[in-house]
Each structure stands twice: as C-alpha cells, then as structure tokens.
Amino acid sequence: MAHLFRDLSLGHSKRETTPPPPPPSITPPRQIHAEHLPSPLGQLSAKLTDSDLTLTAYEIFVAACRTSSGKPLSSAANGSSSSTATSNNNYYSSSSTESPSHNSPNTPAVQRSITSTAASKMKKAFGLKSPGSGSRKSPGSGPGSGSGSGQGKPKRPLTVGELMRNQMRVSEAMDSRVRRALLRISAGQVGRRIESVVVPLELLQQLKSTDFTDQQEYEEWQKRTMKVLEAGLILHPHMPVDKSNSAAQRLRQIVNSALDRPIETGRNNESMQVLRSAVMSLASRSYDGSDSCHWADGIPLNLRLYEMLLQSCFDANDESSVIEEFDELMEQIKKTWGILGLNQTLHNLCFTWVLFHRFVVTGQLAEVAKDAKTTKDAEYSKVLSSTLTSILGWAEKRLLAYHETFDRGNVETMQGIVSLGVAAAKILVEDISTEYRRRRRTEVNVARERIDTYIRSSLRTAFAQIMEKADSSRRASKNQPNALPLLAILAKDVGSLAVTEKQVFSPILKRWHPLAAGLAVATLHQCYGNELKQFVSGITELTPDAVQVLRAADQLEKDLVQIAVEDSVESDDGGKAIIREMPPYEAEAAIANLVKIWIKTRLDRLKEWVDRNLQQENWIAQTNQEGYAPSAVEVLRIMNDTLDAYFQLPIPMHPALLPEVMAGLDRCLQYYVTKAKSGCGSRNSFVPTMPALTRCTMESKFQGFGKKKEKSPNSQKRNPQVATNGNSSSGIPQLCVRINTLQWILGEFDVLEKRIITLLRNSESAQVEDFSNGLAKKFELSPAACLEGIQQLCEAVAYRIVFHDLRQVLWDGLYVGDPSSSRIEPFLQELERKLLFVSDTVHERIRTRLITEIMRASFDGFLLVLLAGGPSRAFSRKDSQIIEDDFKFLKELFWANGDGLPSELIDKFSTTVRSILPLFRTDTETIIERFRRVTLETYKSSARSRLPLPPTSGQWDPSEPNTLLRVLCYRNDEIASKFLKKTYDLPKKL
C-alpha cells in the first residue's frame, strides 16, 4: 500500500539520509519529483530555473534581514557561548546590534508563541513532524550539515542567517559576496529603506568579475540577474507596462545584449547609467505614489520567490518534517514582505500550498496505508476509519462538484486533492473493509469507481447550472428577434462544457480512469437526452424552434461522440461500453418525421385547393395568349410556393426528402389533370348505337324514305351517354381550353424541374451525388396523365363535332332516301367552319393532332353511314360513284390544296374507307359468294349447314364477314333482299 500515493499521486518520494554535495554557488534543495503537480501560484514567462529563483530569493532574504539575520538561534544560545557564535560568523555578529527587550514583541519567546500556534495546527492537519530529541536535526544540527570548506566535523549553525544559507544550499562564497555588496550599498545609501532599493541593480554595480571564482561564474550570475530585472519590471511587473514604454524597450534591448555578451557595470559606465535610468523609471511607478521600488512584487514572480523561501522550513533529510527552528526562521522570512509586496493573506495562501504540496509528494497517506495493513488493533482501525472518512469527506466535497471548485486558473491543485481522495478511499475499502476482503480484489477498482462517481456527479451538477443559466438567457432575450430556444442554447453550452472537460479536467482524471473524457461526454449526453426526449414528445408540427433544437442536438451528439471515440482509441473494447451509454438522439429522424408531416399537410391543402377551384373553373380562356385555364396557373404557382417553402426549411436533409415532395406534387398535378379531362366524353360516348340489321327492296325505296323521315328512326338510336343540351363546361370551346391547359402544363415541367435543381444546388445540405440521380427531380405521373388527357380530349372534340354537333347533316341527313339528293356537301360546309374555329383556338403544337382526330372521326362517320345507317338508307351499284366522289371531297377538305394535313397522313387514315368503297360497285352475286366463303372459313362451318350470323366487330374490312353482310343489307336489289330473307330472315324495316 505504500506505493499507492507515490505511484498514483502527483509525485514520488525518495528519502535521503544526507543531502547531495553542493555546487560552487548553490545547492538547491533536493528536487522533489512533482512534475505532475505544477505550482498553482503561476508560471513565469521568464526563463528562470528553480536555482535562479532560489538564489534571487536568498538575496532578497539577506537584504531584508541584514540587521537581524545574525542573531543567535535559541538552540545555539542555550547550548553555546556568545563568543562561539561571534567567532563562528563575524559578519553576522557585526550586523546584530539588537538587544531584545523582555517585553518586546520581537523576542523569540513571543514570536514563537504567535507563529507556532498556526504552524502547529497546519503541521498536525497535514501529518508533518517537528524533530524532537530523538529525531533527525536540521541540516546544521548533525553530521554532514553545512557547506563550508572546513575539514572534519561540520559546524552547527548558530544564527538565523547561517541556518537559512544551509537550508537553501547557498555556498559560503556566494553568501559572502552578497553580504559584502549589501554592506557597501548600506554604506552608500545611509537612511534608505531596503524597499526603495532595486537589489539586483545595486548588486550588478557592486559585484565585479574579481569577486567570483572565474569569469564564467560571473557571466552566469550577471545573466541571471539581468533576467530577474526583466521578469520583475517587464514580464511580471507590479503595474502593467505599455508596449510603447521607452524605458521598457531600452531595458529589453540591454537584457538581450547582456545575454549575448557581458556588459560593463562600473558606476560611471555609460551602459550602466542607461540601465539604471531604465530600471529606476520602471521600478518607481506605483499606484499610491510612495517612494518604494517595485521590482519583485508582481504576481506570479513574487509568489514563486516566496515559495522558495518557504521551502527552506522543511528538513532536507526528512521531507515530512519541518525544522526545529521553524518559528525563528519564519519570523525572518516574513521580513521580505515589503520587497515582495506580500501580506498575511498571500502568506497564508502560499504557505498552505507549500504544506499541501509537501504532504502530497512525501506520501504521508502511503505511510498510513502501510500501518493499516500491519496493525490489527480495533481501536486503531476505528480511529483510522474516522480520520480517513473525514479526509475523504473534505476531498469529495470539492470533487463531487469539481466544476465549482476548479477552473483553468487553479486546476493544478485538483490533482493533489484527487490523489488525496482516492488514496483515502482505497485505504478505507481495501485495508479496512471486511466486505472487500471477502471479494476478489480484481472485482473492485476503487480508484476508477471514485473517479466515475466524481465525474458523473460534478457534470450533472454543472449541467443543472448551465440549464438554469440558459433558461435565464432565453427569458432575457425572448422579446428579441431570432431569439434561440432554450434547448438550442443549452446544446451550445453543453458542447462548450464538454470541450472544457476534455481540455482541462480529463487529462488529470485520466490517470485514474482511462476513459475519463468518454465517461464525461456520456454523462452530458444522457443529461441533455432526458431534456430532449421531453421536448420531442411535445412537438406536433414543424416549427423553426423545433428545427433549431433538433439540429443543435444532432450537432451536439456528433461532437460528444467524437470526443468519446477519440478518448477510447486505446481502450480494450474500443470504447463500445461508453458508446452503449449514449443511445442516439435520432434528431435527424425526428426532423424527417416532422418534415413528412409538414409535406403531407401542404399537399392535402393543395389538393383541397384543386378541388375548390376546379368547381369554380368555367374553362374559358381569359388574358393569356395560349388559351389555357386560370386554375392551371394557380396550381403551378402554389406548387412553386410549396417548393420554396420546403427549401427554406432549416433542415439538413433537403435532398433526402425531396423525392417525397416531388411525388406528392406529382400526384396533386395528376389529380388536377384527371379532373380536367373527366366528364368530357370519349369516342364511344358520341358514336351512335348501330341499328339492327335490315334488308331493303327496290319497291319500298321512295315510299319508305318518306315514312322513315317522318318516324326519324335514327334520332332514336343516339347513344344515351351523349349530352345533347350543350353543356357549357364541355362544349367545343371549353374542350379546346382544356386541351390547351394540359399542353401548357406539359411545357412547364422542364421549367419546374430546372428550378428544383437550382433550389437543390443552393440548399446547405446538397452534395454532388444529389444531382446525379435525375429521376428524383422529375415528374412521372402527371406528364403521362397530360399526354393521355390531351389524346382523350382530342378524340372527344373530334367525335363530338362529327357525331354530336354535325349530327343533322351527317347521321340524320347524309344519303337518307335517295343518295343523289342527300350528298355530303352540307356536312362539308359545317365541318369546315368547325375546323376553322378549332385551328384558331387550340395551341399550335396540338393543332395537327386535333384536326387529324377530326378527320379520323369524319372517316368513321362516313363508313358508319354506309354500313350502319339504318333502314332509311339503301344503295344501288350506280350510287357507288356518288359515294366515291363524296369521299374524295371529304379528303380534299382536310388536304386544303396543300395547306391542310399532309397527303400521306390522309392516305394513312383513309385506308379502311378506300378498301371498302369498291364493294359498293361490286355485283351482288360476287359479294354473296365472297360472304359465304369467308364466313365458312372464319367459323369452320360446312357448306350444308346454315350460315352463322357474324357479329359486329366494328373493325370494317372488305374480307371481314360482318362488313360484307352489311354491304348486302344496304344493297338495293332483289337478289340481296332474297338472300338475306332466306339465310337470316332479316326484316325490311325496324
């Protein structure tokens, strides 16, 4: 257990029976290996070593105590004659002129009573010992003490000055030089207080190279003295120095020059005069206008120098003990306060640090642990447990909320307190706890468990504090524009806390817990996650605050996980245990769900708007030249607004959710197109129902015509689906507007898709690969619906014109009665007017398609009159020429002398009519024979059986049985009539 504090604490302790031999000038106190416990008193910018600081501190001590450091020690006065003391150090005795009064507060007895009380309390608190009759003596009290050059048994120090020299390991030669120089200074400046003297400056002028063993020693001393002046007057001054201060600039130049080559320091030397001028100009500056010189009273220089003086109070041979002459030495050390600018408060601070530092590095608890292992005394264990519990309580009061106790400025002290707490806890658990002894020691890592507790406790406390601070900040700024929501502020503060933890505290705590930073961020992750969970549960829609919070949470989580991963690189499990403590916030998923709700709401609203405006749409072209409906313009405008609103959402996943937006807009536009073409009819809606088959005779031709005209048989054969009341929303002008509207929408898709690409490129979350998948930015359903709708509406217009609007001149008039007296001219005249209107109304890109559909409908109507015109029509062979001429006139209408449809297109659509017209000039016997043969071949009937009645296919063809049969039905001769009567018993009239 003795290794505990040495191995796991801030330093190591190596006990020595004798001090090491001194160098020529100074032997610094034995170096305590406490590199892991840096001084909290501050780090110097100057390049001054501990040896430099020790020498400077000693020079200050001698200067401040030059009238009293030669007085005898109480132990020397009791054990030796005054003559011995005088002979021991003539200079000291010559400097000691005081005759202490019995009632003087400066008497050793009084001083001892004052300082000993405080010191003894501190020593007891930290377990430090004062040597007694049976312990080791101070460095001058036994063999090996002192550092003089005499032979044999070293002498015991008899004065405070000699004791201090021995404690600080200053050589007699250096001490003699300093004191001689100070004596000269005193002689030349009688009556001046030491506080009004810049000691290093005066020493530079008084000491020459001849006062040193060799030139090298002198140069090193001069360089050190120049660096002290630089540290006290420029780097760490009593009052801040402006960079433009000319004295500071001159001093810096002189110091830099002296570090390269020694300067002349004679009284009348020019360089020395310049140096004195610069030094005194800087040292004489003060806040209160006093005549004191300020060259060693700037923080942290003064505190570090004082720390060196206080270290002399400890026994060099027993680091855990203070020297027997502690009280007398401390009395003299305090006389440096005037030069160092110290007071009782700063003394208490420095002395506390020195005692605590000594307590840590000497491993006092390690000794206790060793005793605890070997002592079985129940009473001892009880007192030990109580003591350690008090120590642990004191340490943990600071460590369970170490963010309140420590910061960047004083974090150096944290390591000692952690060492103290961990060591006390380990002794309590491992050496006292019976429960621990019953368990395997590998199951409990006391140090790691304590650090785990400290980290979790302190960070939870810190989290609660920054949450309260964030709430106050939010309340203070709630009336300001763009004020951040609470959890967004909190996420930022938690991130800063995590960085501070990683940089400031984790490096210290990592000595006992290898995953200190990971554990810290896991704790913060959990604390923030609890608040985030409550926030998310209350969100019902996408708001700027919700997005800000979720994005802040997502970024915070990434930062925390990154710290955890970096901290776990060298761990056995690669940090898996820590990561398991950090269940994902899934902030992006929460944002995505809210965005999907937002998308659905906007699309539902768009669909409602489409329904409402389609109900109000009258399909009349207004101000636009293309002749499209105003509702289409509004649909596209709202779609653009929706896209703008989507890309303005402050979310990180625009590309990811864009396909969902596109699909929704695509469905809405498809819905509009479907509604736009619905209720307008189709080809089958306008083509009349074909009447039943009949036969006709020559005798009944003219009489039947009159009778059929009166009965209007064909007017009763209209398709019941056809509206004949001139519906205002589905008339030819309105149908043309619908066609134009779908065509205009079709042309806007490219514009829309290019605009989406631009919006996507400008979004903060877009990546290069987001532009490679073109399908995600394209509409699919609505373009196809537009093409289908245009085709359907073109057919509706064509067949409505031919079979509805021109019914009187086509279905009800063409070839009724005598074909020669009811030819196609009226139909052509009306059709031409319709074609002119359509050409002027529809978009030019659809004009050819629509006129082609009208031509096809006209050809279908012409054939329907010939093959299914009912009993009011009958044709002889001589009528075939009339029919062929009329069809020629119909084709010429669409050709328009070369200004209409291309002749190739006309020929393509007239193929069926041209193939059937020859049947009307073919003799009846040939048609009957052809009909028999084709029917038998088609239906596999025998020649003896009755010919089956071929059904109406609607696909007219000269080799198709039903087509041939219909030619016979409308053939006005006796042979055809008898054949039909005999074969199918067809009536002459309906």
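Right above here is the structure, for reference.
Note that the structure is a prediction, hence the values are computed from the model and not measured.

*Asks:* Any details on the pattern of salt bridges? Residues and values, ideally.
*Replies:* Under the criterion given, the structure shown has 32 salt bridges. Put simply, R637 and D641 hold a salt bridge, and the shortest N to O gap is 2.9 Å. One end of the pair is R637 and the other is D641, both in helix 28 (residues 630-648) and four residues apart, which spans about a single turn. Here R637 falls in the partly exposed class, since its relative accessible area comes to 40%. Residue D641 is classed as partly exposed on the basis of its relative accessible area, which comes to 33%. For R833, the salt bridge identified is with E830, shortest N-O distance 2.1 Å. With R833 and E830 both in helix 34 (residues 825-841), this residue pair falls three residues apart, about one helical turn. Residue classification places E830 among the partly exposed residues on the basis of a relative accessible area of 29%. Through salt bridges that share partners, D50, R304 and E307 make up one connected network.

*Asks:* Lay out empty space enclosed by the protein with the relevant residues and their values.
*Replies:* Enumeration according to the criterion identifies three cavities of 30 Å³ or more in this entry. Here the largest cavity is characterised by a volume of approximately 70 Å³. Across the lining of the largest cavity, the residue classes tally to four nonpolar, two polar and three charged. Computed from the structure, the second largest cavity encloses a volume of approximately 40 Å³. Lining the second largest cavity are G232, L233, P237, H238, M239, L282, R285 and H294. The residue makeup of the lining of the second largest cavity, split by class, is four nonpolar, three polar and one charged.

*Asks:* With reference to specific residues and values, describe the packing of helix 39 (residues 924-939) against helix 41 (residues 974-984).
*Replies:* Across the interface, helix 39 lies against helix 41 with an axial gap of 9 Å and an inter-helix angle of 25°. By the angle class used here, helix 39 and helix 41 are roughly parallel. Crossing hand, helix 39 versus helix 41: right-handed. Only I975, A976, F979 and Y984 of helix 41 make contact with helix 39, whose side of the interface consists of T924, E925, I928, F931 and R932. When the residues that make up the contact of helix 39 with helix 41 are grouped by side-chain class, the tally is six nonpolar, one polar and two charged.

*Asks:* Account for the packing of helix 18 (residues 378-399) against helix 20 (residues 412-432), naming residues and giving values.
*Replies:* At a closest axis distance of 9 Å, the pairing of helix 18 and helix 20 adopts a crossing angle of 145°. For the pair helix 18 and helix 20, the crossing hand works out as left-handed. Taking contact as the criterion, the partners of L384, S385, L388, T389, I391, L392, W394, A395, R398 and L399 in helix 18 are, on helix 20, I417, V418, L420, G421, A424, A425, I427, L428 and I432. A class-by-class count of the residues in the contact of helix 18 with helix 20 yields 15 nonpolar, three polar and one charged.

Conventions used here
Residues numbered from 1 in each chain as written. Predicted model: local features only at pLDDT ≥ 70, side-chain atom pairs only at ≥ 80, totals over all residues. Heavy atoms only, no water. Salt bridge = Lys/Arg side-chain N within 4 Å of Asp/Glu carboxyl O. Helix = DSSP H or I, 4+ residues; strand = E, 2+ residues; numbered from the N terminus. Buried < 20%, exposed > 50% of the residue type's maximum accessible area, 1.4 Å probe, protein only. 1 Å grid on protein atoms, 1.4 Å probe; cavity = no way out; pocket = protein on both sides within 12 Å on 5 of 7 lines; lining within 4 Å. Points joined across faces, edges and corners; volume = space filled by probe spheres on them. Nonpolar A, V, L, I, M, F, W, Y, C, P; charged D, E, K, R; others polar. Axes fitted to C-alpha atoms, helices over the stretch in contact; angles between N-to-C directions. Parallel < 35°, antiparallel > 145°, perpendicular 65-115°, else oblique. Left-handed = near helix turned anticlockwise from the far one by under 90°. Contact = heavy atoms within 4.5 Å.

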